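# Analysis of the macromolecular model
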Amino acid sequence: MSSLPKSATFPLFILMLNLFIALLGQGMVIPILPEYLKQFNAAGAAAGYLIAAFGAAQFIFSPLGGQLSDRWGRKSMIITGLFLTVISDLMFAVSTTLPLLYIARFIGGIGIGLMVPSNMAYVADITTSETRAKGMGYLGASMNLGMVLGPGLGGMIAEFGIRVPYFFAGGLGLVATLLSLYMPETLPKEKRKPASQWVRREPIRNQILNSFRTSYFRYLLLILIMTLGLMNYETVYALFVERKYGFDATKISMIITVGAIIGIVVQIWLLDYLIKRLGEMKLIRLSLIMTAIALLLMIIKINLGYLLAVSALFFAFNAFLRPTVSTMIANSAGDRQGYAAGLNTTYTSLGNILGPILAGLMFDKHIHIPYIFGALILASALFLTLQKSKNEKRMVVND
């Protein structure tokens, strides 16, 4: 953080810690979910609904979180969001019925939805145009680190009891909430916007209808199909491994952690090289094919080494997909980058909500179906990469 202003260093460190702890808590639940759901006589469908509830809440409240931070200040929304994640973790730890688990996850999604845009706005307040990208990069790194370390930590702590990781996550969140009290507020009262000046969010139906006229619509479809396919892997992965191999939370957490680290490493070291060597479209095609193959290879049961190798293959090529497709959208958006980014988020959110529900329901029918369906849907996305749209051929952007 040496190139950032000294006054921004401590607040940025707290913001990074906040996001790290919040995402660490979310990651910790993944490997222990199969064992935890057994207490409720539930499996795939419940896991899908839990993940979908979190995604739906985040989708609904993220735009509101940004506007509330303009109205009430960044610090208050960050603290509110963090405290809601604490409530979510503790509710999850003590819940005795499935409906309470769904409510707990929805509250957690609200917390993240309020906190993340407020964190980003805070960084924008304390950085200059020259240092802003670096500040946002630090936030992104802290979130990724939390998601990478979360499963491993959750698996280790679960040795002390299946509910202990949720109490631990809640305790960490409470510490982060208390530390955030010492951050200065960056938005003075005189600069805050009253509710009358809020920008109304475009209804999702209108967003989707308007997206049909963009030059990058096929890339948005690619985002949706890709997210649906990938969520079939992620939603039931821990349940699948536990059911097929009989692995406990410790081994599941190890596999997820190793795979996530591989994903981050290849994204940092190979993404730019492969884009320059192959071009965006060829890399997207290759990644779609390899992730589909990896999903089908998951069905074959051999041993832990094989499972680690197949998981690493999936994580590596999965790491190339989203940033590459997002780059294609940005390159096609002209001077409407914000609008395109919003549509990208909308289509991703739809996939994050629908994908887990479908994966959970299919898993309960047969544990192989989500992976077969995921492979088919990823392979079907190839047709979107084979030819240019009429709009692209004419080089016309009609947003």
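The structure presented is a predicted model; accordingly, all values stated were derived computationally and were not measured. (Residues numbered from 1 in each chain as written. Predicted model: local features only at pLDDT ≥ 70, side-chain atom pairs only at ≥ 80, totals over all residues. Heavy atoms only, no water.)

Turning our attention to the overall build of the protein chain. Looking only at helices and strands, one finds 15 helices and zero strands in the protein chain. Excluding contacts between residues fewer than 6 apart, the proportion of contacts in the protein chain whose partners are at least 24 apart in sequence is 85%. Entry remark: accessible area of the protein chain is about 17900 Å², with carbon and sulfur atoms responsible for 68%. (Helix = DSSP H or I, 4+ residues; strand = E, 2+ residues; numbered from the N terminus. Contact = heavy atoms within 4.5 Å. Areas by Shrake-Rupley, 256 points an atom, 1.4 Å probe, with all protein chains shown as cover.)

This brings us to the confidence of the model for the protein chain. Averaged over all residues, the pLDDT of the protein chain equals 81, while 89% of them reach at least 70. Within the protein chain, no element has a lower average pLDDT than helix α15 (residues 390-394), which sits at 45, and none a higher one than helix α11 (residues 280-297), at 92. Counting interchain partners and residues more than four positions distant, the pLDDT-below-50 stretch residues 389-399 has 22 contacts. (pLDDT = per-residue confidence, 0-100.)

Here we take up helix α14 (residues 369-380). For the α-helix, the turn length of 3.6 residues means that residues three or four positions removed from each other point alike. Taking 1.5 Å of rise per residue, 12 residues should cover 16 Å, and α14 covers 16 Å from first to last C-alpha, within 8% of that figure. All of the buried residues in α14 are P370, Y371, G374, A375, I377 and L378. (Expected span 1.5 Å × (residues − 1). Buried < 20%, exposed > 50% of the residue type's maximum accessible area, 1.4 Å probe, protein only.)

On to helix α2 (residues 44-72), then. Across its 29 residues, α2 extends 40 Å between first and last C-alpha, which sits within 8% of the 42 Å expected from 1.5 Å per residue. If you look at α2, its biggest bend is around 40°, right at F61, and the proline P63 turns up within four residues after that. Once α2 ends, the next one or two residues include G73, with phi positive near 100°. (Bend = angle between axes of the 7 residues up to and from the residue.)

What follows is about the pattern of salt bridges. Tallied over the full model, the rule gives three salt bridges. Across the salt bridge formed by E242 and K38, the nearest N and O atoms sit 2.6 Å from each other. With E242 in helix α8 (residues 217-245) and K38 in helix α1 (residues 6-38), this residue pair connects regions lying 204 residues apart in the sequence. Between D70 and R74 there is a salt bridge, and its shortest N-O distance comes to 2.7 Å. The exposure class assigned to D70 is partly exposed, which follows from its relative accessible area of 22%. You can call R74 buried: its relative accessible area is 7%. Through salt bridges with shared partners, one network takes in E35, K38 and E242. (Salt bridge = Lys/Arg side-chain N within 4 Å of Asp/Glu carboxyl O.)

In this section: the packing of aromatic side chains. Between two aromatic rings, the relevant description is the distance of the centres plus the angle of the planes. This structure, assessed with the given rule, holds 11 aromatic pairs. The interplanar angle of 35° and the centroid separation of 4.8 Å between the aromatic rings of F92 and Y166 together place this pair among those described as tilted. Here the residue F92 occupies a position in helix α3 (residues 74-94), and Y166 occupies one in helix α6 (residues 164-180), the gap between them amounting to 74 residues. Note on accessibility: F92 and Y166 belong to one class, buried. Through a chain of ring-to-ring contacts, three or more aromatic side chains come together here, namely Y36, F40, F92 and Y166. We note R71 situated over the ring of W72; from NZ or CZ to the ring centre the distance is 4.4 Å. Here the basic side chain of K301 rests over the ring of Y245, its NZ or CZ set 5.8 Å away from the ring centre. (Phe/Tyr/Trp six-rings, centres within 6.5 Å; stacked < 30°, edge-to-face > 60°. Lys NZ or Arg CZ within 6 Å of the ring centre and 35° of its normal.)

Our next topic: unusual backbone geometry. With phi around 55°, N41 is a residue other than glycine that occupies positive phi space. Relative to the assigned elements, N41 resides in the loop between α1 and α2.

This part is about the side chain of S95. Its location among the elements puts S95 in the loop between α3 and α4 (98-126). Polar side-chain contacts of S95 include one of 2.4 Å to the backbone oxygen of M91. (Polar contact = N/O pair within 3.5 Å; in protein donor to acceptor, adjacent residues only side chain to side chain.)

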